[in-house]
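Chain by chain, the residues run as shown.
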Amino acid sequence: VARLVAALQARQVGGSRGLDEKLTPVYRVAPEYPGILRKKGFPAGKAEIEFIIDRDGRARLPRIVSATSEEFGWAAATAVSQWIFRAPLRNGQPADVSVRIPFDFKSPPH
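If you're wondering where the values come from, they're calculated on a predicted model, not measured in any experiment.

### Topic: the nonpolar core
And then number 1: Counting 21 residues, the largest nonpolar core has Ile49, Phe51, Val80, Trp83, Phe103 and Phe105 as its most contacted members.
And then number 2: Breaking this core down by element, the ones donating at least two residues are strand S2 (44–53), helix H3 (70–80) and strand S7 (97–106).
And then number 3: Sort the elements by how many residues they give to this core and H3 lands first, with six residues.
And then number 4: In contact with Val80, not counting residues within four places along its chain, are Ile49, Phe51, Ala59, Pro62 and Phe103.

### Notes on the sheet that holds S2
And then number 1: Strand order in the open sheet formed by three strands is S3-S2-S7, and the pairing between neighbours is antiparallel. At either end of the open sheet lies a strand with only one pairing partner, and these are strand S3 (59–67) and S7. If you compare each strand with its neighbour and ignore which way they point, the axes differ by 25° on average.
And then number 2: Where S2 and S7 come together, 10 bridges link them in antiparallel fashion. Residue pairing for S7: Glu50 is matched across the bridge by Arg100.
And then number 3: Against the sheet, H3 makes contact with S2, S3 and S7, and its axis sits at roughly 35° relative to S2, the strand it touches most.

About the cut-offs
- Residues numbered from 1 in each chain as written.
- Predicted model: local features only at pLDDT ≥ 70, side-chain atom pairs only at ≥ 80, totals over all residues.
- Heavy atoms only, no water.
- Core = buried A, V, L, I, M, F, W, Y, C linked by side-chain atoms within 4.5 Å.
- Buried < 20%, exposed > 50% of the residue type's maximum accessible area, 1.4 Å probe, protein only.
- Helix = DSSP H or I, 4+ residues; strand = E, 2+ residues; numbered from the N terminus.
- Contact = heavy atoms within 4.5 Å.
- Pairing = 2+ DSSP bridges.
- Axes fitted to C-alpha atoms, helices over the stretch in contact; angles between N-to-C directions.

In structure tokens form, the structure reads like this:
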């Protein structure tokens, strides 16, 4: 994690443009609709999460960019922190990649 923080500060983490192949998820967990919001009858919500896919393909340093409710942001960030991708390569070399993903939460059935 310290290496990623240093790479971010040095602006050495790029976007997915220029990768040898598109980012490919190997393991993903869907975010759970927050139970407290279900109890309150919250109809739906959104969150946007920014994170780094490190050289090994692990999702690291998730950050809530926006959320209609803090609970939606936490649910999305918690799910993303478990994701694994095929290791990203740029010009044949391992690369750290910054990604931003939106999430839509639909109200679950009661």
